[in-house]
Amino acid sequence: GKSSDPLSVQGPWVCCDKDGNWAADTKVDMTAAPASNDKFLKLRMSLDGELQKLGLTDVETLKSLWKRLDYNGNNIVSLAEIDKMVVE
């Protein structure tokens, strides 16, 4: 069945091989690791939650937002372009 705890999942783990095919890899194993107290990791995780609330984790949504931000179409977003979007 499905589980939110990776440690409860039974192998074999499936990975992409050097030819681009998905196959069981018996060399992959799962072990528990203690939670990190790293403040930057905690910040990243909280930002991920905020992005999910705003619907900004979907690739197509992010591409659409980038196109809206990149007014001159040079595939580089400047602070001026971000300011313009915020003001509008």
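Here, the structure is the one placed above.
As a starting point, this report considers the structure included with it. Quick caveat, the model's predicted, so the values are computed rather than measured.

Parameters and conventions
Residues numbered from 1 in each chain as written. Predicted model: local features only at pLDDT ≥ 70, side-chain atom pairs only at ≥ 80, totals over all residues. Heavy atoms only, no water. Helix = DSSP H or I, 4+ residues; strand = E, 2+ residues; numbered from the N terminus. Rg over C-alpha atoms; globule rule 2.2 N^0.38 Å. Buried < 20%, exposed > 50% of the residue type's maximum accessible area, 1.4 Å probe, protein only. Contact = heavy atoms within 4.5 Å. Areas by Shrake-Rupley, 256 points an atom, 1.4 Å probe, with all protein chains shown as cover. Patch = residues over 30% accessible without salt bridge, like charges linked within 9 Å, V, L, I, M, F, W, Y side chains within 5 Å. Salt bridge = Lys/Arg side-chain N within 4 Å of Asp/Glu carboxyl O. Phe/Tyr/Trp six-rings, centres within 6.5 Å; stacked < 30°, edge-to-face > 60°. Lys NZ or Arg CZ within 6 Å of the ring centre and 35° of its normal. Expected span 1.5 Å × (residues − 1). Polar contact = N/O pair within 3.5 Å; in protein donor to acceptor, adjacent residues only side chain to side chain.

A few words now on the overall build of the chain. What the chain contains, in helices and strands, is three helices and two strands. Relative to the 2.2 N^0.38 estimate, which gives 12 Å for 88 residues, the radius of gyration of the chain is 20 Å and therefore markedly larger than a compact globule would have. The C-alpha extent of the chain, read off along each of the three principal axes, is 50 × 35 × 25 Å. Taking all 88 residues of the chain together, the buried fraction comes to 6%. Within the chain, contacts between residues separated by at least 24 positions form 7% of all contacts whose residues are at least 6 apart in sequence. When the accessible surface of the chain is split by element, carbon and sulfur atoms take 58% of a total near 7,900 Å².

It is worth spelling out a nonpolar patch on the surface at this point. A cluster of nonpolar side chains, namely Phe40, Leu43 and Leu47, defines an oily patch on the protein surface of about 320 Å² accessible area. Residue position: Leu43 is located in helix α1 (residues 39–53). Overall, Leu43 belongs to the partly exposed group, its relative accessible area being 45%.

Applying the stated rule across the entire model yields zero aromatic pairs. Positioned over the ring face of Tyr71 is Lys84, at 4.3 Å from the centre of the ring.

Taking 1.5 Å of rise per residue, 15 residues should cover 21 Å, and α1 covers 21 Å from first to last C-alpha, within 8% of that figure. One side-chain oxygen of the residue at the start of α1 lies 2.8 Å from the amide nitrogen of Phe40, identifying that residue as Asp38. One or two residues past the end of α1 sits Gly55, with phi positive at roughly 70°.

Structurally, Asp83 is set in helix α3 (residues 79–87). Between the C-alpha atoms of Asp83 and Asp25, which are 58 residues apart in sequence, the distance is 48 Å.

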